[in-house]
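Reading the structure
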Amino acid sequence: QAGYTSLSFRDGEVECLKFLGWRLRAIPPIHFIGYFLAKGAIFQDDTWQDRNLIEKIPKYVKKYADFFCNLTLQEYSFQQYLPSELAAAILLASRVALQLQPRWRPELTTLTGQEESQIIHIFNHLWGYYEEQFPGHGSRSISPRSADMGPSI
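The following refers to the structure shown. Chains are numbered independently. Their residues run from 1 in the order of the written sequence. The model is predicted, so local features are restricted to residues of pLDDT at least 70 and side-chain atom pairs to those at 80 or more, both for listing and for counting; the totals for chains, interfaces and linings are taken over all residues. The side-chain values count all of the structure's non-hydrogen atoms but skip hydrogen atoms and water molecules.

1. Notes on the packing of aromatic side chains
Going by this rule: Here the aromatic set is Phe, Tyr and Trp, taking the six-membered ring for Trp, and pairing holds for ring centres within 6.5 Å; pairs whose planes are under 30 degrees apart are stacked, those over 60 apart are edge-to-face, and all others are tilted. Each helix corresponds to a stretch of at least 4 residues labelled H or I by DSSP, and each strand to a stretch of at least 2 residues labelled E; elements are numbered beginning at the N terminus. Using a 1.4 Å probe on the protein chains alone, a residue whose accessible area is under 20% of its type maximum counts as buried, one over 50% counts as exposed, and one in between counts as partly exposed.
Considering all chains together, one arrives at 13 aromatic pairs under this definition. When the centroid spacing of 5.2 Å and the interplanar angle of 80 degrees are considered together, the rings of F68 and Y130 count as edge-to-face. Placement of the pair is F68 in helix α3 (residues 57-73) and Y130 in helix α6 (residues 116-133), with a sequence separation of 62 residues. The pair F68 / Y130 is uniform in exposure class, with both members buried.

2. A short note on helix α2 (residues 29-39)
The line we're drawing: Starting at the helix axis, one direction is taken to each C-beta atom, and the arc is that of these directions. Here a residue-residue contact requires only that any non-hydrogen atoms of the pair lie within 4.5 Å.
Within α2, the full set of buried residues consists of P29, I33 and F36. The buried residues of α2 occupy one face: seen down the axis, they fall within an arc of 65 degrees. Exposed residues on α2 whose side chains face more than 90 degrees from its buried face are H31, A38 and K39. For α2, the secondary structure elements touched by its buried residues are α3, α4 (83-97) and α5 (106-112). Within two residues after α2, G40 carries a phi angle of roughly 110 degrees, on the positive side.

3. Details of the side chain of D46
Stated formally: Polar contacts, as counted here, are pairs of nitrogen or oxygen atoms within 3.5 Å of one another; within protein the pair requires one atom able to donate a hydrogen and one able to accept it, and residues that are adjacent in sequence qualify only if both atoms are side-chain atoms.
Here D46 shows up in the loop between α2 and β1 (47-48). Here R105 takes part through its side chain, which lies 2.7 Å from a polar atom of the side chain of D46. Those residues in contact with D46 that sit more than four places away from it in its chain are A41, L53, R95, Q101, P102 and R105.

4. Considerations on the sheet that holds β1
Formally: By the convention used here, strands pair only if DSSP detects at least 2 bridges between them.
Reading across from one edge, β2-β1-β3 is the order of the 3 strands in this open sheet, with antiparallel pairing throughout. Only two strands of the sheet have a single partner each, and these edge strands are β2 (51-52) and β3 (100-101). Relative to β2, β1 runs antiparallel, the two being bridged by 2 bridges. If you follow W48 over to β2, its bridge partner there is R51.

5. Things to note about the nonpolar core
Inclusion rule: Residues belong to one nonpolar core when they are buried, are Ala, Val, Leu, Ile, Met, Phe, Trp, Tyr or Cys, and are joined through side-chain atoms within 4.5 Å.
Grouped together as the largest cluster of nonpolar side chains are 38 residues, with contacts concentrated most on I33, F68, L71, I90, L91 and Y130. Of all the elements in the fold, those that place two or more residues in this core are α2, α3, α4, α5 and α6. Residue contacts for I90: discarding those within four places in its chain leaves P29, I33, A65, F68, C69, T72 and L126.

6. A short note on the environment of R10
Inspection of the secondary structure assignment puts R10 in helix α1 (residues 6-20). The class for R10 is partly exposed, based on a relative accessible area of 46%. In this structure the side chain of R10 is engaged in a polar contact, spanning 3.1 Å, whose partner is the side chain of D11.

7. Things to note about a nonpolar patch on the surface
Defined as follows: A patch consists of residues exposed above 30% relative accessible area that lack any salt bridge, with like charges linked at up to 9 Å and nonpolar side chains (Val, Leu, Ile, Met, Phe, Trp, Tyr) linked at up to 5 Å. The Shrake-Rupley method, run with a 1.4 Å probe sphere, supplies the accessible areas, and residue values consider only the shown protein chains as cover. Any Lys or Arg side-chain nitrogen found within 4 Å of a carboxyl oxygen on Asp or Glu counts as a salt bridge.
Taken together, the side chains of F19, L20 and W22 present a nonpolar region at the surface, about 430 Å² in accessible area. Look at F19 and you get exposed, because its relative accessible area is 72%.

8. Let's talk about the environment of I122
Mapped onto the elements of the fold, I122 is located in helix α6. Taking the relative accessible area as the measure of exposure, I122 reaches 0% and is therefore buried. For the pair I122 and Q80, spaced 42 residues apart in sequence, the C-alpha to C-alpha distance is 9.9 Å. With residues up to four places along the chain from it excluded, the contact list for I122 reads Y81, E85, L86 and A89.

In short, the description is geometric, and any link to function would need to be established separately.
Written out as structure tokens, the structure reads:
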């Protein structure tokens with residue numbers, strides 16, 4: 001033995017972390033999504049496929065948001081974005097997938113701190129990856145019935 005124990009390594013790691021100011025806590029996009037949805041990301045005057053909203057729409061927005069969060073975990077290139085910005089783009093993608101109109105609103109800018117123009121490049125990256133992984137799904141009309149089943153793999 002060289003005189004080192006697992007505790008001495010841990011103590012050394014803690015000293016390095018303190019010195020470098022590292023934080024070991026990260027907030028992933030799904031936590032931001034939970035906050036956004038809890039505060040309200042669907043609005044009374046939103047429309048779904050040019051009709052009034054149905055009762056199940058908030059549930060399906062959550063399903064799509066969870067799906068897009070999981071999708072971004074599968075591709076390393078999404079790590080380049082701040083989790084809050086990626087979450088806003090995921091919210092936008094969920095609304096687009098369900099054909100909610102308007103796809104982005106001033107209230108969503110207030111909620112997320114992001115204008116659509118600030119996250120459109122992230123949305124385009126996400127939507128492109130979605131279409132690549134699930135050909136034909138991004139361009140077709142998506143109903144709550146097909147959203148309930150989720151994308152087929």
